[in-house]
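# A structural walkthrough
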Amino acid sequence: MEMALEIDEDSDNNKGSMWDLDQKLDQPMDEEAGRLRNMYREKKSSAILLLRLAFQSLGVVYGDLGTSPLYVFYNTFPGGTFALYSLLCRHAKIKTIPNQHRTDEELTTYSCSTFHEKSFAAKTKRWLERHVSRKNALLILVLVGTCMVIGDGILTPAISVLSAAGGIKVDHPRMSNDVVVVVAVVILVGLFSMQHYGTDRVSWLFAPIVLLWFLVIGGIGIFNIWKYDRSVLRAFSPVHIYRYFKRGGRDGWTSLGGIMLSITGTEALFADLGHFPVSSVQIAFTVVVFPCLLLAYSGQAAYLMNNRDHVVDAFYRSIPDSIYWPVFVIATAAAIVASQATISATFSIIKQALALGCFPRVKVVHTSKKFLGQIYVPDINWILMVLCIAVTAGFKNQNQIGNAYGTAVVIVMLVTTLLMTLIMILVWRCHWILVLLFTGLSLVVECTYFSAVLFKVDQGGWVPLVIAAAFLLIMYVWHYGTVKRYEFEMHSKVSMAWILGLGPSLGLVRVPGIGLVYTELASGVPHIFSHFITNLPAIHSVVVFVCVKYLPVYTVPEEERFLVKRIGPKSFHMFRCVARYGYKDLHKKDDDFEKKLFDSLFLFVRLESMMEGCSDSDEYSCLFGQQSERSRECLLNSNNSTGNTTSSNIDSTNFSTVDSIVPVRSPMHANFTVRSSGQVSSQTETHELEFLNSSRDAGVVHILGNTVVRARRDARFYKKIAIDYVYAFLRKICRENSVIFNVPHESLLNVGQIFYV
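This structure is a prediction, so every number in the text was calculated from the model and none was measured.

A few words now on the overall build of the chain. The number of helices and strands found in the chain is 28 helices and 9 strands. Here the chain displays about 36400 Å² of accessible surface, and carbon together with sulfur accounts for 60% of that area.

Structural data, given as structure tokens:
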């Protein structure tokens, strides 16, 4: 056994050193006991944390599922998706906007699989990538599911709040139904009006409310089973399923549309699982949710066995009179929690669609500094409110809204199952037999429910179809216009030969300052630049092409945000900076973006000069972290001078002649001093850094392209309608790029151009 003993130089502190050492050697059992105690405490604290998360998951995950007892029996007897698509986009080239770059795969949050050439997954991948029509079909499938989730965000508040408010009429039978509708509308207006505060300020109330709600409905269920009919528990036998359908015939089959509502909320569980560990969600479901729901439904069934004419208001009529109004208040609060969950989910999915170019530009606001996913979309919020009030006031009863709700839920589940099939093949690499088994069993159950809700299309089930069709038209037309605009930019980008032919001054007057030219292209010089310098024979002394790009990942770490490139020789002073975001990230309004952009640019110049000083030639063999011995030695020398380390990925390229790319880390993560072996490169670096600083001090101008898309004269009539009317209208009413990029109005310069499709 080896032991290191550190003796303090102070003699007073050394007096008990040997005694302490002897004591430690004489107490091995005490140390072991202490270690065991610490392990016990850690396990105890982790168990407490798990229970705490399970408690919190009640409010976030199970709010919608828990309020289903409010309306299931009435509708049974009436007389998440872009995240999956983004995951698929990482494992197969199915994005219709081809703005991917190989450096994107080097992100720490970007994971993709490689397949054996003859594997079933590889064959499926090639089959998807082979034809554009298959990519478009998959996109349409995703958009249909997304539109149904948006419809869910409209129907959930309507049916939950209206069902809760309906308790007023049960206690006052002579009250007009219009009063219930007015109360529901007032609650809905208040709910949507408070969205701008965000859920962070009130979310601490969600879990206690939902827990209390589950305990109440479970307790009421036990009371009703004991009081009215204990034999109802025999319904758990599968034999009664057969007897039910045999006795009910077509009415029994169509009642599945109402039974479908008992699992509403499960279609959004995939989106909510990201906030909690799986074990905490399982504990909450097993200990609280599932038992209480079974008791609640069994209790209502027992009550209906003796009161079959009360099926319309089964939940409220089965409540004991002594606790009626307290339960009414709890039910209303639980309905608000369920509504809040679906509204937040709608904001989230709109943000994801916006990041993938499938939704018009809208303002997105972060409502929490602690939680990344808590956002507020003002435009969508008020649209949801108007549509929700229209549905509530238009139907005035739970039955038709319930039919509409069931249609939306079952279609979302069908889309999710189809996407999960591809996930199992391409991401999880499951055996094809397991994939077939999962898909077959899931589709049997879901198609059974789907066939039931088809009978209720004319009884309110048409509502989500109309809502989904409207949003699908908007999203697909916007995506089509975005793709065509990107294709135009790709095909008309300026060649490097043309740029090099202009010379260092670009054939123009180079005025002091930095011009930030915003473009959607992650490579090459956009056509807008040639259009600009052709009509205005002057350009800034430094030009930076800025591309804000969203990747199919949840988030991009701040230190991996920027990619910096040099365009042309050093004397041109032209760069490219690609700012990468995940679909949950937000290009926030702050002064840090411009500062971080310039910090990354300066860091690129230092790193470039360092690599030149450490190389015997102008060519570098540094490919994605695989550095040559010479360059690695240079990095070590530079790191030793400051004690810090950095890692960067550099293409094998000549910096002075081609469009090179260097992912640079934020200066706070990579801060080093360059030690050049050549005096010339050091002087060049100092000169260029001084030039960049003086240019920035002279002023920064943001140059944005305003590209107008129009249909050709010989285009088909539906293309003219889609491009000249629908897309043009959407561009007119959506947020400007200057607003999305938070560009100061006083330093903004718009450059317009028109192209025809």
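Once that is clear, we can look at the pattern of salt bridges. This structure, assessed with the given rule, holds 8 salt bridges. Here Lys484 makes a salt bridge to Glu487, at a shortest N to O gap of 3.6 Å. Remark: Glu487 and Lys484 occur in helix H21 (residues 462-491); sequence separation between them is 3 residues, near one turn of the helix. A salt bridge links Arg561 to Glu558, with the shortest nitrogen-to-oxygen separation between them at 3.1 Å. Connected through salt bridges with shared partners, the residues Glu558, Arg561 and Lys596 form a single ionic network.

Here we come to empty space enclosed by the protein. Its boundaries defined by the atoms lining it, the second largest cavity holds a volume of some 50 Å³. Looking at the lining of the second largest cavity, the elements with two or more residues in it are helix H11 (206-227) and helix H15 (278-306). In terms of residue count, H11 provides more of the lining of the second largest cavity than any other element does, 4 residues in total. Classifying every residue of the lining of the second largest cavity by side-chain character gives 4 nonpolar, 4 polar and no charged.

Moving on, we come to the nonpolar core. Ranked by internal contacts, the top residues of the largest apolar core, which has 80 residues, are Phe82 and Tyr85. Tallying contributions element by element places helix H19 (residues 398-426) first for this core, with 17 residues. Contacts of Phe82, omitting those with residues within four sequence positions, involve Val142, Leu143, Thr146, Ile349, Gln352, Ala353, Leu356, Cys358 and Met475. Counting residues in each nonpolar core, the second largest holds 28 residues, with Val542, Val564, Val605 and Leu692 among its members.

To continue, consider the packing of aromatic side chains. With the rule as written, the count across this model stands at 18 aromatic pairs. When the ring of Tyr228 is compared with that of Tyr303, the centres are 5.1 Å apart and the planes differ by 90 degrees; the resulting orientation is edge-to-face. Here Tyr303 lies in helix H15 and Tyr228 lies in the loop between H11 and helix H12 (239-254), a separation of 75 residues in the sequence. On the accessibility criterion, Tyr303 (5% relative accessible area) is buried. Seen from their ring centres, Tyr244 and Phe245 are 5.5 Å apart, and the 65 degrees between their planes marks the pair as edge-to-face. The class of Tyr244 is partly exposed, set by a relative accessible area of 22%. Owing to a relative accessible area of 28%, Phe245 belongs among the partly exposed residues under this scheme. Three or more aromatic residues joined by ring pairs make a cluster, and in this case those are Trp213, Phe315, Tyr316, Tyr324, Trp325 and Phe328.

What follows is about helix H27 (residues 717-733). Over its 17 residues, H27 extends 23 Å from the first C-alpha to the last, a length consistent with the 24 Å expected when each residue adds 1.5 Å. The largest bend in H27 is about 25 degrees, located at Tyr727. Taken together, the buried residues of H27 touch H21 and strand S8 (700-710).

With that settled, the discussion passes to a nonpolar patch on the surface. A cluster of nonpolar side chains, Phe120, Trp432, Ile433 and Leu436, forms an exposed patch at the surface whose accessible area comes to about 440 Å². If you trace the backbone, Leu436 turns up in helix H20 (residues 432-454).

A few words on the environment of Val182. Assignment of secondary structure puts Val182 in helix H10 (residues 177-193). Between the C-alpha atoms of Val182 and Ala165, which are 17 residues apart in sequence, the distance is 9.4 Å.

What follows concerns the packing of helix H8 (residues 132-165) against H21. Put simply, H8 and H21 touch, their axes get as near as 8 Å, and they point 130 degrees apart. By the criterion of interaxial angle, the relationship of H8 to H21 is oblique. As H8 packs across H21, the resulting crossing turns out to be right-handed. Residue-level contacts link Leu139, Ile140, Leu143, Val144, Thr146, Cys147, Met148, Ile150, Gly151, Ile154 and Leu155 of H8 to Val463, Pro464, Leu465, Ile467, Ala468, Phe471, Leu472, Met475, Tyr476 and His479 of H21. Class assignment of the residues belonging to the contact of H8 with H21 gives a composition of 18 nonpolar, 3 polar and no charged.

Each value, and the rule that gives it
- Per-chain numbering applies: the sequence of each chain, read as written, is numbered from 1 onward.
- At least 70 in pLDDT is required for a residue's local features to be given in this predicted model, at least 80 for side-chain atom pairs to be given and counted, and no such filter applies to totals for whole chains, interfaces and linings, which use all residues.
- As a convention, hydrogens and water are excluded, and side-chain values are obtained from all of the structure's heavy atoms.
- Strands here mean DSSP runs of E at least two residues long; helices mean DSSP runs of H or I at least four residues long; both are numbered from the N terminus.
- What sets the accessible areas is the Shrake-Rupley method with a 1.4 Å probe; for residues, cover comes only from the shown protein chains.
- By definition, a salt bridge exists where a carboxyl oxygen of Asp or Glu is found within 4 Å of a side-chain nitrogen of Lys or Arg.
- Think of a 1 Å grid over just the protein atoms. A cavity is a set of points where a 1.4 Å probe fits yet cannot get out, a pocket is an open set with protein on both sides within 12 Å along at least five of seven lines, and lining residues have an atom within 4 Å of a point.
- Grid points are joined across faces, edges and corners, and a volume is the space filled by probe spheres set on the points.
- Nonpolar residues are Ala, Val, Leu, Ile, Met, Phe, Trp, Tyr, Cys and Pro. Charged residues are Asp, Glu, Lys and Arg, and all others, Gly as well, are polar.
- As used in this record, nonpolar core signifies buried Ala, Val, Leu, Ile, Met, Phe, Trp, Tyr and Cys residues forming a set joined through side-chain atoms within 4.5 Å.
- Each residue is placed in one exposure class: buried if its accessible area under a 1.4 Å probe, protein chains only, is under 20% of its type's maximum, exposed if it is over 50%, and partly exposed if it falls in between.
- Pairs of residues are marked as contacts when any of their non-hydrogen atoms sit within 4.5 Å.
- Stacked, edge-to-face and tilted are the three classes for Phe, Tyr and Trp ring pairs, Trp counted by its six-membered ring, which pair at centre distances within 6.5 Å; planes under 30 degrees apart are stacked, over 60 edge-to-face, the rest tilted.
- Helix span, as expected, comes to 1.5 Å for every residue beyond the first.
- Two axes define the bend at a residue: one fitted to the seven residues ending there, one fitted to the seven starting there, and the bend is the angle between them.
- The residues that make up patches have over 30% relative accessible area and no salt bridge, and they are joined within 9 Å when like-charged or within 5 Å when they are Val, Leu, Ile, Met, Phe, Trp or Tyr.
- Each axis is a line fitted through C-alpha atoms, and for a helix only the stretch in contact is used; angles between axes span 0 to 180 degrees, taken between their N-to-C directions.
- Each angle gets one of four labels, with under 35 degrees taken as roughly parallel, over 145 as roughly antiparallel, 65 to 115 as roughly perpendicular, and the rest as oblique.
- In this scheme the crossing of two helices becomes right-handed for a clockwise turn of the near helix relative to the far one and left-handed for an anticlockwise turn of less than a right angle.

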